[in-house]
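Structural features, examined
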Amino acid sequence: MTVLATPAAVSGRPAQRTPPKHTGKKVALVAALVLGACFSALPVLWMLSSSFKRNSEIFEFPPRLITPGFSFDAYTTILTDPVKLRFFLNSYVVALSVTVLSLVVAVLAAYAFSRYEFWGKKTINIVVVTVQAVPPITLLIPYFGLMVTLRLYNTYQGLILTYMVFTLPYAIIMMTGYFNTLPRELDEAVKVDGAGPMTALWRILIPISVPGLVSVGVYTFMIAWNEFLFALTLTRTEDMRTVPIGIQLLMGQHSYEWNEMMAMSILGCIPVLLLFLFFQRYFIGGMTAGAVKL
Amino acid sequence: MSQTTRPPRDALAVRPPAPARDVGARARSISRLKRRLTPYGFLTPTGVLLVILMITPIVMVVTYSLLDGVITNQNPAFVGFDNYVEVLTNPVFFTAVRNTLVFTISSVVVHFAIGLGFALMLNSPLLGNRTKGLFRVLYILPWLFTVAIVAVLWRLLLNPNGVVNYLLGAFGVTDGQTEWLASTSTALAAVTFINIWSGYPFFMISLLAGLQGIPRELYEAARVDGAGAWSQFLHVTIPQLRPIIISMALLDFIWTTQQFALIWMTTGGGPITSTEMLSTFTYKLAFTRYDFSLASASAVLVLLMSMVLAFFYVRHQKSRD
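Residues numbered from 1 in each chain as written. Chains lettered and ligands numbered in written order. Predicted model: local features only at pLDDT ≥ 70, side-chain atom pairs only at ≥ 80, totals over all residues. Heavy atoms only, no water.

Focus on the packing of aromatic side chains
Quick reminder of the rule: Working definition: a ring pair exists when centres of Phe, Tyr or Trp rings (six-membered ring for Trp) sit within 6.5 Å. Plane angles under 30 degrees give stacked, over 60 give edge-to-face, the rest tilted. Helix numbering and strand numbering both begin at the N terminus, where a helix is a DSSP run of H or I of at least 4 residues and a strand a DSSP run of E of at least 2. Relative accessibility under 20% of the residue-type maximum defines a buried residue, over 50% an exposed one, and the middle range a partly exposed one, all with a 1.4 Å probe and only protein chains included.
Scanning all chains against the criterion turns up 41 aromatic pairs over all chains. An angle of 45° between the planes, with centres 6.2 Å apart, marks the rings of Tyr116 of chain A and Phe42 of chain B as tilted. Within this pair, whereas Tyr116 of chain A is found in the loop between α4 (82–115) and α5 (121–131), its partner Phe42 of chain B is found in helix α1 (residues 21–65), the two belonging to separate chains. Classification of Tyr116 of chain A as buried rests on a relative accessible area of 3%. Ring pairs connect the aromatic residues Phe39 of chain A together with Phe118, Phe135, Tyr139, Trp154, Phe193, Trp197 and Tyr200 of chain B, which therefore count as one cluster.

Quick look at the domain arrangement of chain A
Residue and element names in this part refer to chain A. For clarity, the threshold we go by: All domain edges in this entry derive from an automatic or database-based domain assignment. Throughout, a contact is declared for two residues whenever any of their heavy atoms are within 4.5 Å. When two components associate, each loses some accessible surface as probed by a 1.4 Å sphere; the sum of these losses over both components is called the buried area. Any Lys or Arg side-chain nitrogen located within 4 Å of an Asp or Glu carboxyl oxygen qualifies as a salt bridge.
According to the domain assignment, chain A contains domain 1 (19–74) and domain 2 (75–293). In this structure, domain 1 and domain 2 have C-alpha centres spaced 33 Å apart. Contacts between the two partners involve 13 residues from domain 1, matched on the other side by 13 residues from domain 2. Regarding the contact of domain 1 and domain 2, the summed buried area is about 1000 Å², with carbon and sulfur atoms giving 61% of it. At the junction of domain 1 and domain 2, the tally comes to zero salt bridges.

Observations regarding helix α6 (residues 136–149) of chain A
Helical geometry: 3.6 residues make up each α-helical turn, so side chains three or four residues apart lie on a common side. All names here are of chain A. For clarity, the threshold we go by: To estimate how far a helix should reach, multiply one less than its number of residues by 1.5 Å. One axis is fitted to the seven residues ending at the residue and one to the seven starting there. The bend at that residue is the angle between these axes.
With 14 residues, α6 should reach 20 Å at 1.5 Å per residue; the first-to-last C-alpha distance of 19 Å fits that figure. The largest bend in α6 is about 40°, located at Pro142. Burial analysis of α6 places 11 of its 14 residues in the buried class, the great majority of the element. Pro136, Ile137, Thr138, Leu139, Leu140, Ile141, Pro142, Tyr143, Gly145, Leu146 and Met147 are the residues of α6 that are buried. Once α6 ends, the next one or two residues include Arg151, with phi positive near 60°.

Some points on the side chain of Gln259 of chain B
All names here are of chain B. Stated precisely, the cut-off is as follows: Here a polar contact means two N or O atoms within 3.5 Å. Within protein one must be a hydrogen donor candidate and the other an acceptor candidate, and residues neighboring in sequence count only if both atoms are side-chain atoms.
Topologically, Gln259 is positioned in the loop between α9 (229–257) and α10 (261–266). Taking the relative accessible area as the measure of exposure, Gln259 reaches 15% and is therefore buried. A distance of 3.4 Å separates the side chain of Gln259 from the backbone nitrogen of Ala261, its partner in a polar contact. Among the polar contacts listed, one links the side chain of Gln259 to the backbone nitrogen of Leu262, at a separation of 3.3 Å. Beyond its immediate sequence surroundings of up to four residues, Gln259 is in contact with Phe103, Val147, Asn195 and Ser279.

A word on unusual backbone geometry
The phi dihedral of Arg151 of chain A is positive, around 60°, even though this residue is not glycine. The topology assignment puts Arg151 of chain A in the loop between α6 and α7 (156–180). Residues other than glycine seldom take positive phi values, yet Tyr290 of chain B does so here, at roughly 55°. The topology assignment puts Tyr290 of chain B in the loop between α11 (278–287) and α12 (292–320).

Side note on the interface of chain B and chain A
Opposite the 99 residues of chain B that make contact, chain A presents 108 residues. Applying the counting criterion to the chain B and chain A interface returns zero salt bridges. For the pair chain B and chain A, the number of links is nine residue pairs in polar contact (both at pLDDT 80 or more). Top element by residues in the side of chain B that touches chain A is α1 of chain B. It accounts for 19 residues.

Examining the packing of helix α4 (residues 129–140) of chain B against helix α7 (residues 187–212) of chain B
Between two packed helices, both the angle of their axes relative to each other and the distance between the axes serve to describe the pair. Residue and element names in this part refer to chain B. The line we're drawing: Throughout, an axis means a line fitted to C-alpha atoms (over the contacting stretch in the case of helices), and angles, computed between N-to-C directions, take values from 0 to 180 degrees. The nonpolar class holds Ala, Val, Leu, Ile, Met, Phe, Trp, Tyr, Cys and Pro. Asp, Glu, Lys and Arg form the charged class, and all remaining residues, Gly among them, are polar.
Here α4 crosses α7 at 145°, and the two axes come no closer than 9 Å. Residues Arg136, Tyr139 and Ile140 of α4 form the contact with α7, whose own contacting residues are Tyr200, Pro201, Met204, Ile205 and Leu208. Within the contact of α4 with α7, the residues separate by chemical class into seven nonpolar, no polar and one charged.

Let's talk about empty space enclosed by the protein
Keep this limit in mind: Think of a 1 Å grid over just the protein atoms. A cavity is a set of points where a 1.4 Å probe fits yet cannot get out, a pocket is an open set with protein on both sides within 12 Å along at least five of seven lines, and lining residues have an atom within 4 Å of a point. Grid points are joined across faces, edges and corners, and a volume is the space filled by probe spheres set on the points.
Taken as a whole and assessed by the stated rule, the structure comprises three cavities of 30 Å³ or more. Every element with two or more residues in the lining of the largest cavity is listed here: α7, α10 (210–226), α11 (229–234) and α14 (280–293) of chain A together with α5 (147–157), α7 and α9 of chain B. Looking at the lining of the largest cavity residue by residue, the classes come out as 27 nonpolar, 11 polar and two charged.

Considering the environment of Lys284 of chain B
All names here are of chain B. When you line up the elements, Lys284 lands in helix α11. Here the alpha-carbon distance between Lys284 and Gly268, two residues 16 residues apart in the chain, equals 9.5 Å. Apart from the residues within four sequence positions on either side, Lys284 is in contact with Trp264, Gly268, Gly269, Glu276 and Arg289.

Brief notes about the packing of α4 of chain A against α10 of chain A
All names here are of chain A. Let me state the cut-off plainly: These descriptions rest on fixed angle ranges, namely under 35 degrees for roughly parallel, over 145 for roughly antiparallel, 65 to 115 for roughly perpendicular, and the rest for oblique. Rotating anticlockwise by less than a right angle from the far helix to the near helix defines a left-handed crossing, while the corresponding clockwise rotation defines a right-handed one.
α10 packs onto α4 with a crossing angle of 140° between their chain directions and a minimal axis gap of 8 Å. Judged on the interaxial angle alone, α10 and α4 are oblique. The two elements α4 and α10 meet at a crossing, and its hand is right-handed. Contacts between α4 and α10 pair Phe88, Ser91, Tyr92, Ala95, Leu96, Val98, Thr99, Ser102, Leu103 and Val107 from the former with Leu213, Val216, Gly217, Thr220, Phe221, Ala224 and Trp225 from the latter.

Quick look at the pattern of salt bridges
All names here are of chain A. Under the definition given, this model contains five salt bridges over all chains. Residue Arg64 pairs with Glu60 through a salt bridge whose shortest N-O separation is 2.9 Å. The residue Asp81 makes a salt bridge to Lys84 at a minimum N-O spacing of 2.9 Å. There is no split in this pair, since Asp81 and Lys84 are both buried.

Re the nonpolar core
The test is simple: Nonpolar core, defined: a set of buried Ala, Val, Leu, Ile, Met, Phe, Trp, Tyr and Cys residues in which side-chain atoms within 4.5 Å join the residues together.
Phe179 and Leu201 of chain A together with Tyr139 and Met204 of chain B are the most contacted members of the largest nonpolar core, which has 183 residues in total. Formed by seven residues, the second largest nonpolar core is a distinct cluster that contains Ala133 of chain A together with Leu250, Ala310 and Tyr313 of chain B.

Some points on the confidence of the model for chain A
Residues and elements named next belong to chain A. What counts is decided by this rule: On a scale of 0 to 100, pLDDT captures the predictor's confidence in every residue.
Taken as a whole, chain A shows an average pLDDT of 83; of its residues, 88% reach a score of 70 or greater. Ranking the elements of chain A by mean pLDDT puts helix α1 (residues 2–5) last, at 36, and α4 first, at 93. Low pLDDT (under 50) marks residues 1–15, which in the prediction has 26 contacts with non-local residues, meaning those over four places away or in another chain. A low-confidence stretch, residues 290–294 (pLDDT under 50), is modelled with 19 contacts involving residues beyond four sequence positions or located in other chains.

Structural notes on a nonpolar patch on the surface
Residue and element names in this part refer to chain A. For the record, the criterion: Patch definition: residues above 30% relative accessible area lacking any salt bridge, with like charges linked at up to 9 Å and the nonpolar side chains Val, Leu, Ile, Met, Phe, Trp and Tyr linked at up to 5 Å. The accessible surface values rely on the Shrake-Rupley method and a 1.4 Å probe; as for residues, cover is taken only from the protein chains in view.
On the surface, a cluster of nonpolar side chains totalling about 660 Å² of accessible area is made up of Leu42, Leu45, Leu48, Leu65, Ile66, Phe70 and Phe72. Along the polypeptide, Leu65 turns up in the loop between α2 (23–51) and α3 (73–79). Residue classification places Leu65 among the partly exposed positions, given a relative accessible area of 40%.

Let's talk about α4 of chain B
For α4 of chain B, spanning 12 residues, the distance from its first C-alpha to its last is 16 Å, which sits close to the expected 16 Å at 1.5 Å a residue. Considered for burial, the residues of α4 of chain B that qualify are Asn129, Lys132, Gly133, Phe135, Arg136, Tyr139 and Ile140 of chain B.

Remarks on the environment of Leu234 of chain B
Residue and element names in this part refer to chain B. In this fold, Leu234 is placed in helix α9. Looking at Leu234, the relative accessible area reads 38%, which means it is partly exposed. In sequence terms Leu234 and Glu179 are 55 residues apart; their C-alpha atoms lie 41 Å from each other.

Now the structure itself:
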């Protein structure tokens, strides 16, 4: 965790001094960095710029970053349209529920994996890891029928349970790893004093696992916020659609309202962007730990 | 758990006093049983969810693939492996396999190359921490957008009248008229490019963390042995990053073969079948042709391929422990 968290420790270390003989190298490096930034960030800048344009100016020739028609109209249109606001509401409800529920269920499972030896532990562990590789498209066809049978088709609950299946394995693996770094003596001490394992978990382990919980929570939220395939297939009515599907629906209309699509995209990435800016450390920690330790 | 069933603090070491022997033994065996069952209690929610929404659907899809006319037909007939034969003799299936491989292998290789390049730059001792922080955020940007947004954005950029064509035309690279996503000769390259753009940060961040975890002494030792920058890179950096690279490559490979939304929202698998992937091929069988039996057979084949990859992944992870 310490190693993983270092990239974000921006302000922690003093900047290193560079001897003058490196100036040439440094200029070349910064040039390369700027070139790389053009590749990664210019498309995003263009998205932002297009969201402020009039739709008639989107494909003007030659293209300009800021056009005479600069306005917030596209944003106003989206934020005053109850149908589109509903997409956002749905996305928030689903993503937040998935995050909370996944954390609760994953913490319980991780506690068992981290603190107990039991029959079948290895097998269950392998199942949890392997399940992550099951292609969504394989599950999609039976899910359609299953959700209808369980009366969960076109409901929040259906989407929430579905996303939990995708977020849980990762969350369990991450939290198990996190609990494993905490000394067993901590919870054993409470148990000796007569408390059960639940008390040890909630009173001792949870409070000191906040960084791990945040990492997992952020990652879980992102997966749920971004999911497309199941949101497309398991919901039918407009009032159950999520933001990614909302963007696709905008695209499906007869005339492309590019400025509105871009504005909706910007609005759609704001939660993830904010999570990233506030929790950069945890975010990167979670991302890398998942890949490195899985 | 109540006070009475709790074993004495030193239950393992000390014999209980003789008169209370029976009671003590019973209490201990109950408590042992409880302790044995506790982990399963903690795993119950996960277990229920995975059995209902993971194991059951997999059993269902395998069953579907052996029947004819499932979902649409009241009494589907058992047809054995007929559906598999039909999928495996469909030339579009093989086009989809080929496209998926081209798309995935190119994506993974370039993700790795760009990710490593950017990570090395961001890790350079020549840069101040503020500069590093700024560029790290800029480089992560593409990863913060959901695939749906990435797809719309690149449809705007790659539009025949869009800014990419304008720039390429202005610099004389092309005639500025290319229909990137609508022409059979460029569509696969275009969606691969989009996927590369949106996916490299994941590689980059892990490699960056890996780079920062390499002990400085290794480089110093290499320098003492007279190794130059390139030799240090080959003999210290790469071997040290190897486990991360393999994990990332396998994960990326598994995920990229499953990519659906990006293809669906940019080309829909077209034009004709030039960007048809296994995911879009299967999806169309089910939800465009409503042939859920064939789609299930195709989905099971996709599952088998993924499980082969997962096997290597799990084995690799185990060998690292």
